[in-house]
Amino acid sequence: MNRLVSSRAVRSMVTRCSSASRGGTSAATRPLVSWFASTVRLPLVPHQRRCLSSHDDFAPKKKHDVDGGDDDAVLGMIDSHVKGNRVMLYMKGSPNQPMCGFSATVVGILKNSGADFASVNVLDYPEIREGVKKYAQWPTIPQLYVDSEFVGGCDIIKDLHDSGELKEMLKVPEKEGE
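Position numbers for residues start from 1 in each chain and track the written sequence from start to end. Reporting of local features is limited, given that this is a predicted model, to residues whose pLDDT is at least 70; pairs of side-chain atoms are given and counted only at 80 or more, and all residues count toward the totals for whole chains, interfaces and linings. Side-chain calculation: all heavy atoms of the structure are included, whereas hydrogens and water are not.

1. Some details on the nonpolar core
So, point 1. The biggest cluster of nonpolar side chains holds 16 residues, and the ones touching the most others in it are Leu89, Leu144, Leu166 and Leu170.
So, point 2. Runs of E in the DSSP output that reach at least two residues are strands. Runs of H or I that reach at least four are helices, and both are numbered from the N terminus. Looking at this core, the elements with two or more residues in it are β1 (87-91), α4 (101-113), β5 (143-146), α6 (154-163) and α7 (165-170).
So, point 3. Ranked by residue count, the leading element in this core is α4, at 4 residues.
So, point 4. Should any heavy atoms of two residues lie within 4.5 Å, those residues are considered in contact. With near-sequence residues (within four places) excluded, leucine 170 lies in contact with Arg86, Val87, Leu110, Ser113, Ala115 and Val146.
So, point 5. Residues grouped as a nonpolar core are buried Ala, Val, Leu, Ile, Met, Phe, Trp, Tyr and Cys residues, joined through side-chain atoms within 4.5 Å. Each residue's exposure class comes from its accessible area (1.4 Å probe, protein chains only) as a fraction of the maximum for that residue type: buried when under 20%, exposed when over 50%, partly exposed otherwise. Counting residues in each nonpolar core, the second largest holds 14 residues, with Met77, Ile78, Val82 and Tyr145 among its members.

2. Re the packing of α4 against α6
So, point 1. Angles run from 0 to 180 degrees between N-to-C directions of axes, and those axes are lines fitted to C-alpha atoms, restricted for helices to the stretch in contact. Contact geometry for α4 and α6: axes closest at 9 Å, N-to-C directions at 30°. Taken as axis vectors, α4 and α6 run roughly parallel relative to one another. Between α4 and α6 lies a crossing of left-handed hand. In this structure, α4 contributes Phe102, Thr105, Val106, Ile109 and Ser113 to the contact, and α6 contributes Cys154, Ile157, Lys158 and His161.
So, point 2. Looking at the contact of α4 with α6 residue by residue, the classes come out as 5 nonpolar, 3 polar and 1 charged. The cut-offs work like this: below 35 degrees is roughly parallel, past 145 is roughly antiparallel, 65 to 115 is roughly perpendicular, and the gaps in between are oblique. Put simply, a crossing is left-handed when the front helix is turned counterclockwise from the back one by less than a right angle, and right-handed when it is turned clockwise. Residue classes follow a fixed rule: Ala, Val, Leu, Ile, Met, Phe, Trp, Tyr, Cys and Pro count as nonpolar, while Asp, Glu, Lys and Arg count as charged, and any other residue, Gly among them, counts as polar.

3. Quick notes on the packing of aromatic side chains
So, point 1. A pair of aromatic rings is counted whenever rings of Phe, Tyr or Trp (Trp by its six-membered ring) have centres within 6.5 Å, and the orientation is called stacked for planes under 30 degrees apart, edge-to-face for over 60 and tilted otherwise. By the definition in use, this model includes 4 aromatic pairs.
So, point 2. Both rings, one in tyrosine 145 and one in phenylalanine 150, keep their centres 5.3 Å apart while their planes meet at 55°; by these two values the pair is tilted.
So, point 3. Taken together, the ring pairs connect Tyr90, Tyr135, Trp138, Tyr145 and Phe150 into an aromatic cluster.

What follows is the structure in structure tokens.
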């Protein structure tokens with residue numbers, strides 16, 4: 001049987017329940033809590049994303065639409081990133097907000113080295129996340145490329161940084177006319 005509960009009754013129940021939770025549930029509030037739990041039926045919809053608007057402009061969208069079967073297009077895009085940027089980092093998250101400890105370590109090393117670098121958040125692009133692993137034949141992310149060559153992941157970058165080799169790799173080559 002469904003009962004209607006007034007807002008005053010709900011407020012008093014919540015007040016009693018919350019005050020009882022500070023010092024444990026008292027015998028006086030236990031029946032009230034069980035009655036409240038059995039009377040009030042809230043819809044439980046696990047794993048359902050709440051949408052604040054029904055308009056299509058506000059629906060979640062993929063950032064890039066590359067078909068899963070079109071590996072050549074993904075690998076071509078990765079190749080253009082690597083060749084178009086002197087220092088390219090594929091990472092989880094962004095340089096301002098890394099979403100992985102390894103990515104945060106690499107970003108910290110690059111920033112401490114003073115290097116200008118481009119990055120791609122592979123969490124936003126699942127096709128690139130898988131494609132970059134094929135491109136370098138390297139299973140982990142982050143991946144750093146300098147002068148269109150694959151350098152390595154976090155451990156290799158840390159070792160290169162500790163030995164001073166990374167700083168030499170990241171130096172901007174001087175033009176002979178200057």
